[in-house]
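Structural overview
Residues per chain, in single letters:
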Amino acid sequence: MSSASPPEQPPAELLVVGASEVLTCGRMADASGAEGDRIPGGCVAAGDGKILAVGPESQLRERYDCSSATVVEAKGGAVAPGFVDAHTHLVFGGSRVREYAARLTRSRPEVEELGIETGIMATVAMTRSEDEETLYAAAASRLDELLAHGTTTAESKSGYGLDVFSEIKLLRVNRRLDDSHPIDIVSTFMGAHDFPRELEREAYIDQVIDEMIPRVAAEDLAGFCDVFCDEGYYTVEQTRRILEAGIASGMAPKIHADQYSDMGGAGLAAELAVVSADHLNFTGPEGLRDMAEAGVVAVLMPLIDFAVQHPRPIRARDWIDAGLEIALGTDLCPGGYSVSMPLAIQFACRWNGLSPEEALMAATAGSARACRLSDRGAIVPGAVADLQVWDVPSLEDMVYRIGHNPVQTVIKNGKVVA
């Protein structure tokens, strides 16, 4: 009687071997690390663009047919999920480098006396003047920089058009980038980023609600609607009107809130159960607790606070104590040009008080949740095989080497892309 043949091994298309540790971000929560979140000497197997398994290389080779697999050698470096950048303004025209350099030593009025236009409206003018191809090429170059720093998914907000034609133009660039670049783009409509000079405020709000949101929804250009709720920008009631219109048109709500004053934006965020609330420099303890109870993800962006020399940097331990889940973003934008999620993590630890584990979780699993993505941000079976290999042996080494980009290999959907 012949013996039964061994069961057929499922194929693995990718193996990442030789890692010092695999940072799964599955349950990593505090400085001690939960069992299973850091796998010393781990190997990752992927197939059909998904994570198959994580564990010792010998076990994975026994379990899967690796004869045709692409083998990525980590060379003693750490392996982590691809970063999810939860907040960027990726698509914009021109540059505000002259303004940035001048404001290092001068006040805003002094800079404007030099003939240098400042702020959001300076970028609006430059963005309106550029065609879609020019905007696309510049944004694609920025995406290349993000990818080289380990980002595999990025949220991209409009907001530098502030008229129907230009806002639609920016969102169409988002869609083209998503179709053509390895980085997945999560598109957010933010026509309510500021007020254009050519319209009265209430007239512009009517335009956002009656013209822009229907156009965005009809072309399916954005999954989210965002509003800048702060002193000098949109009031709580104006923000509510716009976000409710977005919700009615199928766009989930996000909010920029309390960056320069506590106007009650956090309370509105909790009331509407927005997906994420960003900035929050002036949000008080009650607002933080209300958002935590409502399941709002708080997006931390240390690099923009550094770039603008914000007078009140975030105390992220207050967010943790309130029970908030934290996401991390670069806030790549004309006012603070940074493409480095590793640098954002390093600042979040030293400047904002997060542990290395908390900061990495914010940059991966937390940011995925801020974008309503349940299939990424962790190296677990079934997740999208978005990975990065570092040239340092541990998470602590990455945090310690301030300004160093540790990324040596980036894998997107199971394929090496950088």
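The numbering scheme is per chain: residues are counted from 1 as the chain's sequence reads. The predicted nature of this model means local features are confined to residues of pLDDT at least 70 and side-chain atom pairs, given and counted, to a pLDDT of 80 or more, with totals for whole chains, interfaces and linings taken over all residues. Note that water and hydrogens are dropped before the side-chain values are worked out from all heavy atoms of the structure.

**Things to note about the overall build of the protein chain**
Inclusion rule: Think of it this way: any DSSP run of H or I at least four residues long counts as a helix, any run of E at least two long counts as a strand, and we number them from the N terminus. The criterion used for residue contact is that any of the two residues' heavy atoms lie within 4.5 Å. His is not counted, nor are the chain ends, whereas Lys and Arg count as positive and Asp and Glu as negative. Note on charges: their place is set at NZ of Lys, CZ of Arg, CG of Asp or CD of Glu.
If you tally the helices and strands in the protein chain, you get 15 helices and 18 strands. For the protein chain, the share of sequence-separated contacts (at least 6 apart) that also reach a separation of at least 24 residues comes to 73%. Looking at the protein chain, you have 35 positive and 62 negative side-chain charges, and the mean spots of the two groups are 2 Å apart.

**Description of unusual backbone geometry**
The test is simple: Residue burial is assigned from relative accessible area. The probe radius is 1.4 Å, only protein chains are included, and a residue is buried under 20% of its type maximum, exposed over 50%, and partly exposed in between.
Not every positive phi belongs to a glycine, and Cys-25 is a case in point at roughly 60°. Locating Cys-25 in the fold gives a position in the loop between strand E2 (21-23) and strand E3 (38-40). Cys-25 sits in the buried class, given a relative accessible area of 1%. With a phi close to 55°, Arg-372 is a non-glycine residue in the positive phi region. Looking at where Arg-372 falls in the secondary structure, it is placed in the loop between helix H14 (356-370) and strand E16 (387-390). Arg-372 sits in the exposed class, given a relative accessible area of 58%.

**Here's the deal with the environment of Ala-245**
You can see Ala-245 is positioned in helix H8 (residues 236-248). Look at Ala-245 and you get buried, because its relative accessible area is 15%. Between the C-alpha atoms of Ala-245 and Arg-350, which are 105 residues apart in sequence, the distance is 40 Å. Discounting residues that sit within four places of it in the chain, Ala-245 has contacts with Ile-209 and Ile-213.

**Observations concerning the sheet that holds E16**
Threshold: A strand pair is defined by DSSP finding two or more bridges across the two strands.
The strand order across the open sheet built from six strands is E3-E2-E7-E16-E17-E18, with neighbouring strands paired in mixed fashion. On the outer flanks of this sheet lie E3 and strand E18 (415-416), each paired with one strand and no other. In terms of strand pairing, strand E7 (residues 78-81) meets E16 through three bridges, oriented antiparallel. By the bridge assignment for E16, Ala-80 is matched with Gln-388.

**Let's talk about the nonpolar core**
To keep it simple, the criterion reads: For our purposes a nonpolar core is just a set of buried Ala, Val, Leu, Ile, Met, Phe, Trp, Tyr and Cys residues, chained together by side-chain atoms within 4.5 Å.
Ranked by size, the top nonpolar core spans 104 residues in total, and within it Leu-177, Phe-189, Ile-242, Met-291, Ile-345 and Trp-390 carry the most contacts. Counting residues in each nonpolar core, the second largest holds 17 residues, with Ala-383, Ala-385, Val-389 and Ile-411 among its members.

**Here we look at the sheet that holds strand E14 (residues 297-300)**
The line we're drawing: Lines fitted to the C-alpha atoms define the axes, with helices restricted to the stretch that makes contact. Angles between their N-to-C directions range from 0 to 180 degrees.
With parallel pairing, eight strands are arranged side by side in an open sheet as E8-E9-E10-E11-E12-E13-E14-E15. The sheet is open, and its two borders are formed by strand E8 (83-85) and strand E15 (325-328), each paired with just one other strand. Each strand axis lies, on average, 25° off the axis of its neighbour in the sheet, ignoring direction. Against the sheet, H8 engages strand E10 (184-192), strand E11 (224-229) and strand E12 (252-257), with an angle of about 175° to E11.

**Here we look at the environment of Ala-418**
Following the sequence through the fold, Ala-418 ends up in the segment after E18. Assessed through its relative accessible area of 42%, Ala-418 is described here as partly exposed. Residues Ala-418 and Arg-241 lie 177 residues apart in sequence; the distance between their C-alpha atoms is 43 Å. Contact partners of Ala-418, with chain neighbours within four places excluded, come to Leu-147, Gln-408, Thr-409 and Val-410.

**What about the side chain of Glu-155?**
Note the threshold: In protein, a polar contact means a hydrogen-donor-capable atom and an acceptor-capable atom, both N or O and within 3.5 Å, with residues adjacent in sequence counting only if both atoms are side-chain atoms; elsewhere, any N or O pair within 3.5 Å suffices.
Along the chain, the position of Glu-155 falls in strand E9 (residues 151-157). A residue is classified by how much of its surface remains accessible, and Glu-155, at 0% relative accessible area, is buried. Only 2.7 Å separates the side chain of Glu-155 from the side chain of Thr-188, close enough to count as a polar contact. Ignoring any residue separated from it by four or fewer positions in sequence, one finds Glu-155 in contact with Asp-85, Ala-86, His-87, Thr-88, Val-186, Thr-188, Lys-254 and Cys-371.

**Examining the packing of aromatic side chains**
Put simply, the test is: What counts as a ring pair is set by centres within 6.5 Å for rings of Phe, Tyr and Trp (its six-membered ring), and what kind of pair is set by the plane angle: stacked under 30 degrees, edge-to-face over 60, tilted for all other angles.
Going through the model one piece at a time under the given rule, you end up with seven aromatic pairs. Aromatic pair Phe-92 and Tyr-160: ring centres 6.4 Å apart, planes at 65°, arrangement edge-to-face. Taken together, the residues span a long stretch of sequence, with Phe-92 in the loop between E8 and helix H2 (97-102) and Tyr-160 in the loop between E9 and helix H6 (164-180) at a distance of 68 residues. Considered together, Phe-92 and Tyr-160 belong to a single accessibility category, that of buried residues.

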